[in-house]
Structures are given as C-alpha cells and as structure tokens.
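Survey of secondary and tertiary structure
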Amino acid sequence: MSAKSAVKRIGVLTGGGDCPGLNAVIRAVVKTGMIEYGFEAYGILDGYEGLVNNRMVKLENEDVSGILTLGGTILGTSNTAHPFEYVAEGGDAEDAQDLSDRCVENFRNAGLDVLFCIGGDGTLNIAHQLAQKGLPIIGVPKTIDNDLYGTDVTFGFDTAVQIVTEAVDRLHTTAMSHHRAMVVETMGRYAGWLALVGGIAGGGDVILIPEIPYTMESVCRVVGGRSKRGKRFSIVVISEGVRLPHGDYVVRQRVAESHDQIRLGGIGVWLANEIDALTSVESRAVVLGHIQRGGTPTAYDRVLATRFGREALVEAVEGNFDVMVGLQGTEVVPVPLAEVAGRQRLVDPDCEIVRAARSVGTSFGDD
Ligand code: F6P
C-alpha cells in the first residue's frame, strides 16, 4: 500500500455512448485500487445522471471479475445527463438547471477521494468543469470515433474497425455476384477515422470522409470506370459525417435533451441512390450503425483499456488530478484535461495513412 496516497475511496463512472472496453477500464481501475492499494471502490450509475441523483453502488472484487471481455458498461451510461445544464426526464434544453453543486455534495457525502470519468469529449469536458469546482478528477478517453485530442488512439476504435472490416469483407460477395456498388456507412461523427481505417482494411474502392471534399463526378467516374474495365462491382465506404454536395449534414435524429442534439446518419442511402441514378451500376446501402459499438472488445482494446485504467489509478495516487490518460507513441501518459476540452482530432487529409490508401488505388472522391 502507498504511504503517501491520500486516496482511500474511489468512484468511477462511464458517460456518453457505450463502447467496447469500458468494462475493461472499470476492472483495471478497481482491481488496481483494491489489489495494490487496498482502496474501496464505488460505481456511479448511468454516468453523470447517477452523480446528480446520488445513485452509487459499492463495487466488490466479484463485481469486476469476469468483465474484461464484456461489451457495454456494467455501470450503465447516459449521453444526455449534464450536471451544469441538467434536464430532467421529459424536459428539453430550455428547462436546463445547473446541478453541479449537488454533484459536488454527493461526491463529498459519499466520502470519495477521486472520481474516474470514462468517456468521450462531452464526458471529459464536464469532468474538467467539475475539476474546476474542486473535485479530484481523472479522465479516461473512450470512443469508437477515435476523435479525442491528447491520445493517439482511444479504446473501442480497434473493435469498431474490426466490425467495419468484417462488414466490408462480407459485402464483397454480394457486390461481386450482383455486379453492384455496395455503399457502407460507418459512424464516426465529424471525424473520418472509422471509415478510413475500416475502408483500407476492407479494401474499399472509394472512401469518403468529412475531412476530404468529394465530388459525385469523381465517385461515379471510379465506380463506372471499374465496371467498364471488367471489375463489375465497387465497395464505397462513407463516414456518417460526410456532407451533401450543398454542404448540409444528413441528420438521423435530434435528441432534445442532449447537449449535442444532432445524431448523424443516412448519407450512405443518399449516396447509393445517386450512384444508382448517375451510373449504370446498381447500388445498395448498408448503414452499420450501433453494431459498431457492440460486442466484445478486441485484444488490442482490452490491453489498452487495462493500461489506461491502471495508469489512471496511478495518477490518482500521485495526486495528479484534472488530467486524462492518453496513449502517446508507446507510452500511456497524463494529459491536462484543459488541453483536451473542446478539441477534436480529425484526419489530416495529407497524412501517411491517406497517402498509403491512394498509393494502392483507393479513391477519396477528389480525383
Ligand atoms: O460517439 C460515438 C457514436 O457512436 C458516434 O459515432 C455516433 O454518431 C453517435 O455516437 C451515435 O449516438 P447515439 O447512440 O446517441 O445514437
């Protein structure tokens, strides 16, 4: 047990969309705390919803044992609960209240010494705001979108890439047999990482991502040209954050009580219809949606999540709060949450990975 640590009782919550590897982080934080330092651990239920409404459970070793391979989160999550702009069930943004003082009170009354907030940009922004109110906070970055600043990669991304890759592999058979263009829409919000990496791994012929402007002329030239050259099928991978030619996003849903109300989705169907109309190649769209967030994490994500969880605990023991742990090169390091908040890590259109794809003949719809 560490003599210098003031930490004895830890709290952990998962916020935002679920993501493969969340349970692996919970397990790593709690087990490291219990085994190496003899800490007590509490789980806050449903993200910040549980912190606002004081819903916490004590976590024992058996609660975190056997969850390494489990998708989702044993603690539950919420991507609408925002302590500083809290909207009660059934309300909308105009009814928002600042209940952050209540969160601080609940944290203190529970006798917690640190709060681990595992989540994406929304969760980490709130974590930083809570840290500024005096709460000892450590962030752990998760998202299948891989768009968080301060870490080279987030856990969950590798698993989602595997799912995209498998989908593209499977769609090849229908594309080839029916001489079709199969359009595969990935998640990723405003960043193209999932479409880019999954598209390369699956051997996509066209990859469209928000960071690289495309034209329909270019997409049709590639699809039509392949058909004329005897390759009578094409695989097009498109990110949900790609805009229509006149600049609008395709919005699947608006969530009134959510801080970021827009849910993207549907550009793939639009693109398939356009290819159908503008070329002689029949086209179909497949929207992968939440399947990309489900199931057991890959070996890479299990290990990254375990490293993140352990390092987060170490930072807490050292009293280094208001930081997130991030992978930089080969090391897991602390990164100030102030540096992360409000920033996105997008694909650099000239990066080496894009160049590699272009070198093997993949089109980004801009040639
Ligand atoms: O951030 C993860 C993510 O899956 C995005 O890729 C997607 O745009 C969004 O969440 C979907 O959110 P929801 O689960 O609220 O539909």
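The structure this text deals with has already been given above.
Note that the structure is a prediction, hence the values are computed from the model and not measured.

1. Quick word on the packing of aromatic side chains
Tallying each qualifying case throughout the model produces three aromatic pairs. With a centroid separation of 5.3 Å and 20 degrees between ring planes, the pair formed by Tyr37 and Phe39 is classed as stacked. For Tyr37, a relative accessible area of 12% translates into the label buried. Given a relative accessible area of 7%, Phe39 falls into the buried group. Aromatic pair Tyr190 and Tyr249: ring centres 5.2 Å apart, planes at 70 degrees, arrangement edge-to-face. Here Tyr190, found in the loop between strand S6 (181-186) and helix H7 (193-201), pairs with Tyr249, found in the loop between strand S8 (234-239) and strand S9 (251-254); they are 59 residues apart in sequence, far enough to count as distant. Residue classification places Tyr190 among the partly exposed residues on the basis of a relative accessible area of 22%.

2. Considering the sheet that holds strand S2 (residues 40-44)
Within a sheet, adjacent strands bond to each other through the backbone by hydrogen bonds, running parallel or antiparallel. With mixed pairing, seven strands are arranged side by side in an open sheet as S3-S2-S1-S4-S5-S12-S13. Each edge of the open sheet is held by one strand with a lone partner, namely strand S3 (56-59) and strand S13 (331-336). Neighbour to neighbour, the strand axes of the sheet diverge by 30 degrees on average, direction disregarded. Alignment of S2 against S3, held across four bridges, turns out to be antiparallel.

3. Side note on the sheet that holds S6
Reading across the sheet, the four strands line up as S7-S8-S6-S11 and stay open at both edges, with parallel pairing between neighbours. Sheet topology places strand S7 (206-208) and strand S11 (283-287) at the edges, where each strand pairs with a single neighbour. Recorded for the sheet is a direction-independent mean angle of 15 degrees between the axes of neighbouring strands. Across three bridges, S7 lies against S8 in parallel orientation. Counted as the bridge partner of Val206 is Val236 from S8. Relative to S7, H7 is tilted by about 170 degrees, and along the sheet it contacts S6, S7 and S8.

Conventions used here
- Residues numbered from 1 in each chain as written.
- Predicted model: local features only at pLDDT ≥ 70, side-chain atom pairs only at ≥ 80, totals over all residues.
- Heavy atoms only, no water.
- Phe/Tyr/Trp six-rings, centres within 6.5 Å; stacked < 30°, edge-to-face > 60°.
- Buried < 20%, exposed > 50% of the residue type's maximum accessible area, 1.4 Å probe, protein only.
- Helix = DSSP H or I, 4+ residues; strand = E, 2+ residues; numbered from the N terminus.
- Pairing = 2+ DSSP bridges.
- Axes fitted to C-alpha atoms, helices over the stretch in contact; angles between N-to-C directions.
- Contact = heavy atoms within 4.5 Å.

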